[in-house]
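Take a look at the letters that make up each chain.
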Amino acid sequence: MATVQVDIVTPERKVFQGEADIVIARGVEGELGVMAGHIPLVTPLKTAPVRIKQGDKETLIAVSGGFLEVRPDKVNILADTAELPEEIDVERAKKAKARHETILKRLDKTDKDYLRHKRALERAEVRLQVANSKS
Ligand code: ATP
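Conventions and cut-offs
Residues numbered from 1 in each chain as written. Predicted model: local features only at pLDDT ≥ 70, side-chain atom pairs only at ≥ 80, totals over all residues. Heavy atoms only, no water. Near = heavy atom within 4 Å. Polar contact = N/O pair within 3.5 Å; in protein donor to acceptor, adjacent residues only side chain to side chain. Areas by Shrake-Rupley, 256 points an atom, 1.4 Å probe, with all protein chains shown as cover. Helix = DSSP H or I, 4+ residues; strand = E, 2+ residues; numbered from the N terminus. Nonpolar A, V, L, I, M, F, W, Y, C, P; charged D, E, K, R; others polar.

1. Some remarks on the site of the ligand
As a structural note, the neighbourhood of the ligand is formed by Glu12, Thr81, Glu83, Glu87, Ile88, Asp89, Arg92, Ala93, Arg99, Arg123 and Arg127. Between the ligand and Asp89 there is a distance of 2.9 Å, counted from a nitrogen atom to a backbone nitrogen or oxygen. Taking Arg99, its side chain carries an N or O atom lying 2.7 Å from an oxygen atom of the ligand. Protein contact buries 69% of the 600 Å² of open area that the ligand shows by itself. Those elements that provide at least two residues to the shell around the ligand are strand S10 (81-83), helix H1 (90-105) and helix H2 (114-132). Tallying contributions element by element places H1 first for the shell around the ligand, with three residues. For the shell around the ligand, the class distribution of residues is two nonpolar, one polar and eight charged.

These figures come from the coordinates and say nothing about function on their own.
See below:
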């Protein structure tokens, strides 16, 4: 089976480099599965786990923001932040989740800070989900 090469980078560092049978990511227009031979495209990404499957192995990576670019036989993800399961500080993510949940409870949806806290809550939730996937 042909594989695609996957590179996940942030402005600060290279987070992941490897081969995959399929890469599954959540673009702004919905979930996307990329295998070798996929048509080239660029899409903004939502905050969500990116799943990298190779054989029986699946690696989840916590990704927030940025873009996914599909080239022939290559997938590049340039994310605002990205962490592997073993890099995630679970206590930090739990604290962030609780903090933003508390703030959001007393904020109206029209408040100028609402979206900022909602996005931060999403990042914390995705980090916890990915940390839990550690095998
Ligand atoms: P916090 O409120 O805990 O700082 P945050 O969502 O505001 O979280 P980000 O702005 O998304 O943090 O990320 C800042 C940097 O910290 C990035 O390099 C990101 O990879 C890292 N980071 C954030 N939370 C965690 C975590 N729980 N474990 C490991 N790295 C994290």
